[in-house]
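What follows is the residue order along each chain.
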Amino acid sequence: MNLGVRWTLHGDGRTPAPGAVVRPDERLSWPRTAGLGAQHVVAMFGASFVAPVLMGLDPNLAIMMSGIATVVFLLATRGRVPSYLGCSLSFVGVAAVIRADGGSSATVTGAVFVVGAALFLVGLAVQRFGARIIHATMPPIVTGAVVMLIGFNLAPVTAATYWPQDQWTALLVMLFTGLAVVCLRGFWSRIAIFLGLVFGYALSWALDRVFGKIHSADASGRVTDHWRLDLSGVGQADWIGLPSLHGPSFEWSAILVALPVVIALIAENAGHVKAVGEMTGDDLDDKLGTAISADGVGSMLSTAVGGPPNTTYSENIGVMAATRVYSTAAYWAAAGFALLFGLCPKFGAVVAAIPGGVLGGITVILYGMIGLLGAQIWINAKVDLRNPLNLVPAAAGIIIGVGNVTLEFTDTFSLSGIALGTLVVITGYHALRAFAPAHLKTQEPLLDEGTSSYDESGKGAPDGGSPQRANS
């Protein structure tokens, strides 16, 4: 059985010829392949350790499980879809909401485990019925609105939790990160968030040396005198050891908050598979369902032991675009490096010591960027917001999600924020479409990000136009 773990040597194994590409089933020499794997780890590293920190989970375990999830993904897709599965930032808002309601880390991972299972089932359905079911259920107006409300729902976390811990550090980190995102080029621009964290880390250390302790809210919200950067846990941590593990806990209220994120993950996976297919020149439509299912399995494995969920990473797709090396051998090497990082508790202690003010400056930009990805989906799909059929459900759902509106059904069951907003967008769109006059439905909705066709012939959009290219 072909598992995609056999590679032919590309040329002499050293440098590809001008204009040549290293295909997924090829590799360079093993030292060069290891170097490419290390580069992939650096590319995914920033977001992959920011995500668990913001979710209150163990970053060591997160990095280690990202390596395991990547191995599962590569095996499932038979090495045809070169991708790295890093820690998903889409669940940061979900974790914040669950914790604000008194949920523990086990409650967070339990809710996300269910999302992983739902993603796995969606992948099976796509394998059975084709990518057209994604479009039929979640057209761009729906996916864009859901991604937007997920991102913007995070604003109170920054405003009430991180920023007040050290407002001036937060402001300087925000400015530095913004400059890094805009002004840096190539690889450095892809790790701008990571560079912002490093800058904030160093800045907090310097401010402690110059001005001493700060009088502000600490991580628990209690106003007191404390060091901005507390490294006491780093010295006590071991160099080698297993990360802390815990099992998931399942609560319906937390699960309902987390489930809407599956929409963002579907759109994300579809876009990334399409992007990889365009770069490699392979038609990967037949692997879309497998990729989605594999992502779901990877998240289930991670959350089952206390880690965060995973998703395919555009950062690593960018590395492939820059190097023109699509070898899955490099991703196996990256997975190996991730496993080694996960077995170093001292690394996790360094990450856990990141000051709250630094996270405040980072999340101002990061959370806004997550939300605006929803607008990017609308732009790519040319969604017409002048059409009330699109405008009304999106407007209502976004305000409910951002404002954290609550709908109480009984004394013990209610829906609010992300869950209620998503429900309003999806049901509202399809209900209004069923009753809308014909002239509001004359424009054929374009394909969701990442799907190349959903008609029987597989030749494009039903009106004969060109399908939209994915934007990863």
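The name given to the chain in an unreviewed UniProt entry is Uracil-xanthine permease family protein, with the source organism recorded as Streptomyces fimbriatus. One UniProt comment on the chain, placed under Sequence similarities (unreviewed entry), says "Belongs to the nucleobase:cation symporter-2 (NCS2) (TC 2.A.40) family."

Let's shift gears to the overall build of the chain. When helices and strands are tallied, the chain shows 20 helices and eight strands. By residue count, 53% of the 472 residues in the chain fall in the buried class. Taking all contacts inside the chain whose residues are at least 6 apart in sequence as the whole, residues at least 24 apart take part in 77%. Just so you have it, the chain exposes about 20300 Å², and 64% of that area is on carbon and sulfur atoms.

Right, let's get into the pattern of salt bridges. Scanning the model with the defined rule gives four salt bridges in all. Where Asp-286 meets Arg-80, a salt bridge forms, and the shortest distance between an N and an O atom there is 3.0 Å. Pair noted here: Asp-286 is in the loop between α13 (261–280) and α14 (288–304) and Arg-80 is in the loop between α2 (59–76) and β3 (85–87), with a separation of 206 residues, a long-range link. We classify Arg-80 as partly exposed; its relative accessible area is 29%. Between Arg-228 and Asp-208 there is a salt bridge; the shortest N-O distance is 3.0 Å. Pair noted here: Arg-228 is in the loop between β5 (223–226) and α11 (232–236) and Asp-208 is in helix α10 (residues 192–211), with a separation of 20 residues, a long-range link. There is no split in this pair, since Arg-228 and Asp-208 are both buried. Among the charged side chains, a network of salt bridges with common partners joins Asp-166, Asp-208 and Arg-228.

Our focus in this paragraph is the side chain of Thr-328. The residue Thr-328 is located in helix α16 (residues 328–342) in this model. Classification of Thr-328 as buried rests on a relative accessible area of 1%. Among the polar contacts listed, one links the side chain of Thr-328 to the side chain of Trp-7, at a separation of 2.8 Å. Polar contacts involving the side chain of Thr-328 include one to the main-chain carbonyl oxygen of Pro-24, which spans 3.1 Å. Contacts of Thr-328, omitting those with residues within four sequence positions, involve Gly-4, Trp-7, Pro-24, Leu-74, Gly-79 and Pro-82.

Okay, the packing of helix α3 (residues 92–100) against helix α4 (residues 105–129) next. Two elements in contact, α3 and α4, have axes separated by 9 Å at closest approach and are oriented at 135°. For the element pair α3 / α4, the angle class is oblique. As α3 runs across α4, the sense of the crossing is right-handed. Of α4, the residues touching α3 (which contributes Ala-95, Ile-98 and Arg-99) are Ser-105, Thr-107, Val-108 and Ala-111.

Before going further, it helps to examine the packing of aromatic side chains. Enumeration according to the criterion identifies three aromatic pairs in this entry. Of note, Arg-209 hangs over the ring of Trp-227, and the distance from its end group to the ring centre comes to 5.8 Å.

Spanning 20 residues, α10 covers 28 Å between terminal C-alpha atoms, matching the ideal 28 Å at 1.5 Å per step. When we look at burial in α10, the residues that qualify are Ala-192, Ile-193, Leu-195, Gly-196, Leu-197, Gly-200, Tyr-201, Leu-203, Ser-204, Leu-207 and Asp-208. Gly-212 occupies a position one or two residues after α10 and carries a positive phi of about 80°.

Once that is clear, we can look at the environment of Ile-240. Relative to the helices and strands, Ile-240 resides in the loop between α11 and α12 (252–258). With a relative accessible area of 73%, Ile-240 lands in the exposed category. Discounting residues that sit within four places of it in the chain, Ile-240 has contacts with Leu-343 and Pro-345.

Interaxial distance between α4 and α14 falls to 7 Å at its minimum, and their mutual angle equals 160°. With respect to each other, α4 and α14 are oriented roughly antiparallel. Crossing angle aside, the handedness with which α4 passes α14 is left-handed. Together, Thr-109, Val-112, Phe-113, Gly-116, Ala-117, Leu-119, Phe-120, Val-122, Gly-123, Leu-124, Val-126 and Gln-127 of α4 and Leu-288, Gly-289, Thr-290, Ile-292, Ser-293, Asp-295, Gly-296, Val-297, Ser-299, Met-300, Thr-303 and Ala-304 of α14 make up the contact between the two elements.

Judged by nonpolar contacts, the single largest core of 94 residues is most densely connected at Leu-54, Leu-197, Leu-288, Leu-366 and Tyr-367. Discounting residues that sit within four places of it in the chain, Tyr-367 has contacts with Leu-54, Val-92, Gly-151, Leu-154, Val-157, Thr-158 and Tyr-162. One finds Val-22, Leu-28, Leu-36 and Ala-330 within the second-largest nonpolar core, a separate group that totals five residues.

On to unusual backbone geometry. Only a minority of non-glycine residues have a phi that is not negative, and only a minority of peptide bonds are not trans. Backbone geometry at Arg-78 places phi at a positive 55°, although glycine is not the residue there. Among the structural elements, Arg-78 can be located in the loop between α2 and β3. Phi is positive for Lys-382, close to 55°, though the residue is something other than glycine. For Lys-382, a relative accessible area of 57% puts it in the exposed group.

Conventions we followed
- Residues numbered from 1 in each chain as written.
- Predicted model: local features only at pLDDT ≥ 70, side-chain atom pairs only at ≥ 80, totals over all residues.
- Heavy atoms only, no water.
- UniProt positions renumbered as here; feature names shortened; annotations may be inferred.
- Helix = DSSP H or I, 4+ residues; strand = E, 2+ residues; numbered from the N terminus.
- Buried < 20%, exposed > 50% of the residue type's maximum accessible area, 1.4 Å probe, protein only.
- Contact = heavy atoms within 4.5 Å.
- Areas by Shrake-Rupley, 256 points an atom, 1.4 Å probe, with all protein chains shown as cover.
- Salt bridge = Lys/Arg side-chain N within 4 Å of Asp/Glu carboxyl O.
- Polar contact = N/O pair within 3.5 Å; in protein donor to acceptor, adjacent residues only side chain to side chain.
- Axes fitted to C-alpha atoms, helices over the stretch in contact; angles between N-to-C directions.
- Parallel < 35°, antiparallel > 145°, perpendicular 65-115°, else oblique.
- Left-handed = near helix turned anticlockwise from the far one by under 90°.
- Phe/Tyr/Trp six-rings, centres within 6.5 Å; stacked < 30°, edge-to-face > 60°.
- Lys NZ or Arg CZ within 6 Å of the ring centre and 35° of its normal.
- Expected span 1.5 Å × (residues − 1).
- Core = buried A, V, L, I, M, F, W, Y, C linked by side-chain atoms within 4.5 Å.

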